[in-house]
There are 2 protein chains.
Amino acid sequence: MIDETDRRILVRLQRDATTPYAELAAAVGLSAASVHARVRRLRESGVIRRTTVEVDPAAVGRGVLAFVTVTGDVWMGDPDTVEAFAGIAGIEEAHIVAGTASVLVKVRAATTEGLQSVLREIFHVPGVTGTQTTVVLETGFSRPVTPEVPSP
Amino acid sequence: MIDETDRRILVRLQRDATTPYAELAAAVGLSAASVHARVRRLRESGVIRRTTVEVDPAAVGRGVLAFVTVTGDVWMGDPDTVEAFAGIAGIEEAHIVAGTASVLVKVRAATTEGLQSVLREIFHVPGVTGTQTTVVLETGFSRPVTPEVPSP
DNA sequence: GTTGAAAACATGAGTGG
DNA sequence: CCACTCATGTTTTCAAC
């Protein structure tokens, strides 16, 4: 289980993962080596899944964002179906959901034409009987999964 | 504008942002200093928005994920409304969308009770007339916005 | 874009609470 | 088990080319 100090380290790393351990240490009131040991444990235990860069989608040819609810005539939660969705490059996330749709998919494409071709690929996944697409006009904001912390 | 080399660097940094410049340099066939200069430019131009850690939501008390479509009787795309959504801690993303709903929101909470309280907060945002919630049972996958690259 | 040196940083060993 | 200090090896970073 993680404690308050871990959470404070996590929040700072989410804001900027290039922050030196010495600076993190000063912020949480520990030595750099201790913070290092904690981050190491957080990585090994899977709390920190990876260190990554957030890329502007429009800059890499993925300026169009849409959410697609996919319905099917078979259960779409098993590995084969998930793999099939994973094989479609434009899909960023796939979630098995409760309710009428069985899968909710987040799609990024260069243009609406590219979006159309992703939809075509989705239709080719075995069991898919229909899709309903919601196109995003503008993203208000998007931020990391923030743990609750009293004083950042 | 970014070139092929930039894209290849981006893909590798997305996979692991702790990769040393020397290793990136070897992968793309440049010197470490060149790669450093490129990454610097990518950051300053906003292509790389930030370097961050991906945290397991369940480990920080956000194991419940839901997508909420929010309808309103006023236009919900202006800054005030977006700010109001940003003020709700459980909301990870807010998108202004085309179609019947005006805003699509991604919510993370510790429990279904926590989800309920986020929904209550959403209802308190001026102009909101209704919500429709889709609860995620399981996330099939979630990955970075990948630029298209011939050989990674 | 390159090389090479200097500074900053991460990392591991050993020690004590 | 957790945190500290100190020493060492990498890595980042910035000159000059």
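Residues numbered from 1 in each chain as written. Chains lettered and ligands numbered in written order. Predicted model: local features only at pLDDT ≥ 70, side-chain atom pairs only at ≥ 80, totals over all residues. Heavy atoms only, no water.

1. Looking at the layout of surface pockets
Of the pockets and cavities examined, the largest pocket occupies roughly 1,200 Å³. Taken together, 50 residues line the largest pocket, and the ones lying closest to its centre are A:Glu92, A:Glu93, A:Lys106, B:Glu92 and B:Glu93. Grouping the amino acids of the lining of the largest pocket by side-chain chemistry returns 18 nonpolar, 12 polar and 20 charged. In this model, the second largest pocket occupies a volume close to 550 Å³. The wall of the second largest pocket is formed by 24 residues, among which A:Thr69, A:Gln132, A:Thr134, B:Thr69 and B:Gln132 lie closest to the centre. (1 Å grid on protein atoms, 1.4 Å probe; cavity = no way out; pocket = protein on both sides within 12 Å on 5 of 7 lines; lining within 4 Å. Points joined across faces, edges and corners; volume = space filled by probe spheres on them. Nonpolar A, V, L, I, M, F, W, Y, C, P; charged D, E, K, R; others polar.)

2. Observations concerning the pairing of strand β4 (residues 103-109) of chain B
All names here are of chain B. For β4, the buried fraction is high: seven of the seven residues fall into the buried class. Of the two faces of β4, the one holding Val103, Val105, Val107 and Ala109 and the one holding Leu104, Lys106 and Arg108 are both buried throughout. Where strand β2 (residues 64-72) lies against β4, seven bridges are found, and the strand directions are antiparallel. Each residue of the ladder has a partner; that of Val70, found in β4, is Val103. As defined by bridge partners, strand β3 (residues 91-97) adjoins β4 across five bridges and the pair is classed as antiparallel. When the bridges of β4 are listed, His95 appears paired with Leu104. Connecting β3 to the antiparallel partner β4 that follows it, the hairpin turn spans five residues, and Gly99 within it adopts a positive phi of roughly 105 degrees. (Buried < 20%, exposed > 50% of the residue type's maximum accessible area, 1.4 Å probe, protein only. Helix = DSSP H or I, 4+ residues; strand = E, 2+ residues; numbered from the N terminus. Pairing = 2+ DSSP bridges.)

3. Examining the protein's contact with DNA strand D
Near DNA strand D, the surroundings consist of A:Leu30, A:Ser31, A:Ala33, A:Ser34, A:Arg38, B:Pro20, B:Tyr21, B:Ala33 and B:His36. Contacts to DNA strand D include B:His36, whose side-chain N or O atom sits 3.0 Å from a phosphate oxygen. Along the lines of polarity and charge, the residues of the surface near DNA strand D split into five nonpolar, three polar and one charged. (Near = heavy atom within 4 Å. Polar contact = N/O pair within 3.5 Å; in protein donor to acceptor, adjacent residues only side chain to side chain.)

4. Some details on the domain arrangement of chain A
Each assigned domain of chain A is listed with its residue range as follows: domain 1 (4-44) and domain 2 (57-136). Each of domain 1 of chain A and domain 2 of chain A has a C-alpha centre, and these two points are 36 Å apart. (Domains from an automatic or database assignment.)

5. So, the interface of chain A and chain B
Contacts between chain A and chain B engage 56 residues on the former and 56 residues on the latter. Of the roughly 5,500 Å² buried between chain A and chain B on both sides combined, carbon and sulfur atoms contribute 57%. On inspection of chain A and its partner chain B, the count reaches six salt bridges. In this structure, the salt-bridge partner of B:Glu54 is A:Arg50, at a minimum N-O distance of 3.2 Å. Among the secondary structure elements, those contributing two or more residues to the side of chain A that touches chain B are α1 (4-15), β1 (48-55), β2 (64-72), α4 (79-86), β3 (91-97), β4 (103-109) and β5 (128-142) of chain A. With nine residues, β5(A) is the single largest residue contributor to the side of chain A that touches chain B. (Contact = heavy atoms within 4.5 Å. Buried area = accessible area lost by both parts, 1.4 Å probe. Salt bridge = Lys/Arg side-chain N within 4 Å of Asp/Glu carboxyl O.)

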